[in-house]
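What follows is each chain in one-letter form.
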Amino acid sequence: MAPWFEFPHEIRDVSAEEEKIIRKCVIGYTKPFVKCGKAGYVMPGAYRKYAEAIYNIKVRPDDVWVITFPRSGTTWTQEMVWLLENDLDYDAARSSPLHERFPMLEITTSIPEVAFELIKINFMNLADFQGLNEAVKYPSWKSIEEAPSPRFIKTHLPLSLLPPNLLDIAKVLYVARDPRDTMVSYYYLNKMVARGLMTGTFAHYWEAFRRDLLPWTPTISHANEAWEKKTHPNLHFMFYENMLQDLPAQIREVSKFLNKDISEVEIEKLADHLSFANFKKNKNVNNTAGDNNNVQFVRKGEAGGWKSHFDAKMEVQAEEYLNKRLRGLTLTYPTYDTGEECSRL
Ligand code: A3P
């Protein structure tokens, strides 16, 4: 029998003031949001009930997990990993949505209660977004637990909220991205999902992000947990910006990590399949909830886009935020290095 791990983190409600800030940015949740553990990872209230079950999902040696903070290049990495692990079967990749091939562990806890009801009566357009329809009917971690091997698992939960034996057993890829671009991308995602119902502005989002109040924040603790384990043989740590800069090189490294032999011609073909232009056209990865303000799931695909969104005050706040959160850590981002902005991609 596999061991049962007691959930080691305290889960508490966010304060009333914090709740107000969060609610400007996300819609449809009726339960109070919670913070978990010392880092204070923010999750919807539903997570409280299921944290221990998720922490105890049985890991298998042939699992491959992709872990990220939202909007860090998860989908891009998932498709790369799935194809490398499935003999570059482009026909199979083209014939089923990525969220079916590579489901998200905790998605059921992240469905807003209101959307839950609406999806149940099949009324909300979200039903076809990222497998939400199935996740309403049956908890996502249970379907994953029951899925045949090999399993491909996506999660936005940080390592500390995942099974403590994960890295001993399975292969894990972690992708990080400049938090400023992640935040901009997160804003557009929520805007798309809320379909015009979001009351918060970009400034509200930034406020929630820099106070580490959006779901799955704090993003730097999230990345740092994986960064600290980056020399573990079962963990491959990557940056979105490096994928943008040289995708074939990243494919080469991931293949090595997954013990896959891949020729240069195949790398080129895979890089083409994963190119931004092809990704945008590919409905199995660009899983967009309706056509909301022309925002799509696969949106801009660039580094430094935050500069056209932040005003001067936000820029200063961002620098303060990054410096404060990175203080004392060895973690640096390709586009931000310990307080000094370094060469941009
Ligand atoms: P932007 O909104 O900044 O464009 P995730 O999959 O973790 O949600 O990440 C989504 C981000 O990755 C989005 O960022 C999206 O456009 C970007 N992305 C997805 N596919 C990409 C690709 N093939 N090339 C570059 N960026 C990509």
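Everything numeric in this text was worked out from a predicted model, so none of it was measured.

Undergrad: Give me the lowdown on the nonpolar core, citing residues and values where you can.
TA: Nonpolar side chains in soluble globular proteins generally cluster together in the buried interior. If you look at the biggest cluster of nonpolar residues, it comprises 115 residues, and the most contacted ones within it are Tyr-47, Trp-65, Met-80 and Leu-270. For this core, the leading source of residues is helix 10 (residues 179–194), giving 8 residues. Leave out the neighbours within four places in its chain, and Trp-65 touches Ile-57, Val-59, Leu-105, Ile-153, Thr-155, Leu-162, Pro-163, Leu-166, Ala-170, Lys-171, Val-172 and Leu-173.

Undergrad: Tell me about the pairing of strand 7 (residues 235–239), residues and numbers included.
TA: Each regular strand displays side chains that alternate between the two surfaces of the sheet. The element strand 7 is largely enclosed, with a buried count of 5 among its 5 residues. Because side chains alternate across strand 7, one face comprises the buried residues Leu-235, Phe-237 and Phe-239, and the other comprises His-236 and Met-238, equally buried.

Undergrad: Explain helix 14 (residues 247–257) to me, using residue names and the numbers behind them.
TA: Listed in full, the buried residues belonging to helix 14 are Leu-247, Ala-249, Gln-250, Ile-251, Val-254, Ser-255 and Phe-257. Elements in contact with the buried residues of helix 14: helix 3 (74–85), strand 6 (171–176), strand 7, helix 13 (240–245) and helix 15 (264–273). Where helix 14 starts, the residue carrying a side-chain oxygen 3.2 Å from the main-chain nitrogen of Ala-249 turns out to be Asp-246.

Undergrad: Hey, could you go over the sheet that holds strand 5 (residues 152–155) for me, with residue numbers and the actual values?
TA: With parallel pairing, 4 strands are arranged side by side in an open sheet as 5-4-6-7. Strands at the two margins of the open sheet, each flanked by one partner only, are strand 5 and strand 7. For this sheet the average axis-to-axis angle between neighbouring strands, irrespective of direction, equals 20°. Where strand 4 (residues 64–68) meets strand 6, 5 bridges bridge the pair, whose relative direction is parallel. Paired with Val-66 across the strands is Leu-173, a residue of strand 6.

Undergrad: With reference to specific residues and values, describe the site of the ligand.
TA: Neighbouring the ligand are 19 residues, the closest being Thr-74, Thr-75, Ser-185, Arg-299 and Lys-300. Note that an oxygen atom of the ligand is positioned 2.7 Å from one of the side-chain N or O atoms of Arg-299. One nitrogen or oxygen atom from the main chain of Gly-301 is found 2.7 Å from an oxygen atom belonging to the ligand. Contact with the protein chains hides 98% of the accessible area of the ligand, taken as 570 Å² for the molecule alone. Counting only elements with at least two residues in the shell around the ligand, the list comes to helix 3, helix 13 and helix 16 (276–281). Looking at the shell around the ligand, the element that brings in the most residues is helix 3, giving 3 residues. Classifying every residue of the shell around the ligand gives 8 nonpolar, 7 polar and 4 charged.

Undergrad: So, the pairing of strand 5: which residues are in play, and what are the values?
TA: The side-chain alternation of strand 5 yields two buried faces, one formed by Phe-152 and Lys-154 and the other by Ile-153 and Thr-155. Bridge analysis of strand 4 against strand 5 gives 4 bridges, and the strand direction is parallel. Bridging across to strand 5, Val-66 finds its partner in Lys-154.

Undergrad: Which residues make up the packing of aromatic side chains, and what are the values?
TA: Inspection of the entire model under this criterion finds 22 aromatic pairs. Geometrically, the ring pair formed by Tyr-174 and Phe-237 is stacked, given 5.4 Å between the ring centres and 20° between the ring planes. Here Tyr-174, found in strand 6, pairs with Phe-237, found in strand 7; they are 63 residues apart in sequence, far enough to count as distant. No difference in accessibility class separates Tyr-174 from Phe-237, as the two residues are buried. Among the aromatic side chains, those forming a connected cluster through ring pairs are Phe-69, Tyr-186, Tyr-187, Tyr-188, Phe-202, Tyr-205, Trp-206, Phe-209, Trp-306, Phe-310 and Tyr-321. When the ring centre of Trp-82 is taken as reference, the NZ or CZ atom of Arg-101 above it lies at 4.5 Å. Just above the ring of Tyr-240 sits the side chain of Arg-177; from NZ or CZ to the centre is 3.9 Å.

Undergrad: I'd love a proper account of the sheet that holds strand 1 (residues 11–13), names of residues and values included.
TA: Read from one edge to the other, the open sheet built from 3 strands follows the order 1-2-3, with strand pairing classed as antiparallel. The strands lining the two open edges of the sheet, one partner per strand, are strand 1 and strand 3 (41–43). Neighbour-to-neighbour, the strand axes of the sheet open up by a mean angle of 30°, direction not taken into account. Where strand 2 (residues 34–36) meets strand 3, 3 bridges bridge the pair, whose relative direction is antiparallel.

Undergrad: An account of the pattern of salt bridges is requested, with residue identities and associated values reported.
TA: Tallied over the full model, the rule gives 12 salt bridges. Ionic pairing is found between Arg-48 and Asp-13, a salt bridge with its closest N-O pair at 2.5 Å. Placement of the pair is Arg-48 in helix 2 (residues 47–55) and Asp-13 in strand 1, with a sequence separation of 35 residues. In this structure Arg-48 comes out as partly exposed when scored by relative accessible area, which is 38%. In this structure, Lys-35 and Glu-18 form a salt bridge, with 3.1 Å as the shortest nitrogen-oxygen distance.

Definitions and limits used
- Starting from 1, residues in each chain are numbered consecutively following that chain's sequence as written.
- Confidence filtering applies because this is a predicted model: local features only for residues at pLDDT of at least 70, side-chain atom pairs given and counted only at 80 or more, and all residues used for totals across whole chains, interfaces and linings.
- Side-chain figures throughout are based on the complete set of non-hydrogen atoms in the structure, without hydrogens or water.
- Residues grouped as a nonpolar core are buried Ala, Val, Leu, Ile, Met, Phe, Trp, Tyr and Cys residues, joined through side-chain atoms within 4.5 Å.
- Burial classification: accessible surface area is computed with a 1.4 Å probe over protein chains only, and a residue below 20% of its type maximum counts as buried, one above 50% as exposed, and the rest as partly exposed.
- Counting from the N terminus, the helices are the DSSP runs of H or I reaching at least four residues and the strands are the DSSP runs of E reaching at least two.
- Residue contacts are defined here by distance: any two heavy atoms, one from each residue, within 4.5 Å place the two residues in contact.
- Two N or O atoms form a polar contact when they lie within 3.5 Å of each other; inside protein one atom must be a possible hydrogen donor and the other a possible acceptor, and for residues adjacent in sequence the pair counts only when both atoms belong to side chains.
- Between any two strands, at least two bridges found by DSSP are needed for them to pair.
- To define axes, lines are fitted to C-alpha atoms, for helices over the stretch in contact only, and angles between the resulting N-to-C directions are given on a 0 to 180 degree scale.
- Whether a residue is near a molecule or strand depends on its heavy atoms: it is near if one of them lies within 4 Å of it.
- With residues, only the protein chains shown are counted as cover, and all accessible areas are computed by Shrake-Rupley using a 1.4 Å probe.
- Residues are grouped as follows: Ala, Val, Leu, Ile, Met, Phe, Trp, Tyr, Cys and Pro are nonpolar; Asp, Glu, Lys and Arg are charged; all remaining types, including Gly, are polar.
- Aromatic rings from Phe, Tyr and Trp, with only the six-membered ring used for Trp, were paired whenever their centres fell within 6.5 Å, and each pair was classed as stacked if the ring planes differed by under 30 degrees, edge-to-face if by over 60, and tilted otherwise.
- By definition, being over a ring means that NZ of Lys or CZ of Arg is both within 6 Å of the ring centre and within 35 degrees of the ring normal.
- Any Lys or Arg side-chain nitrogen located within 4 Å of an Asp or Glu carboxyl oxygen qualifies as a salt bridge.

By themselves, these figures tell us nothing about what the structure is for.
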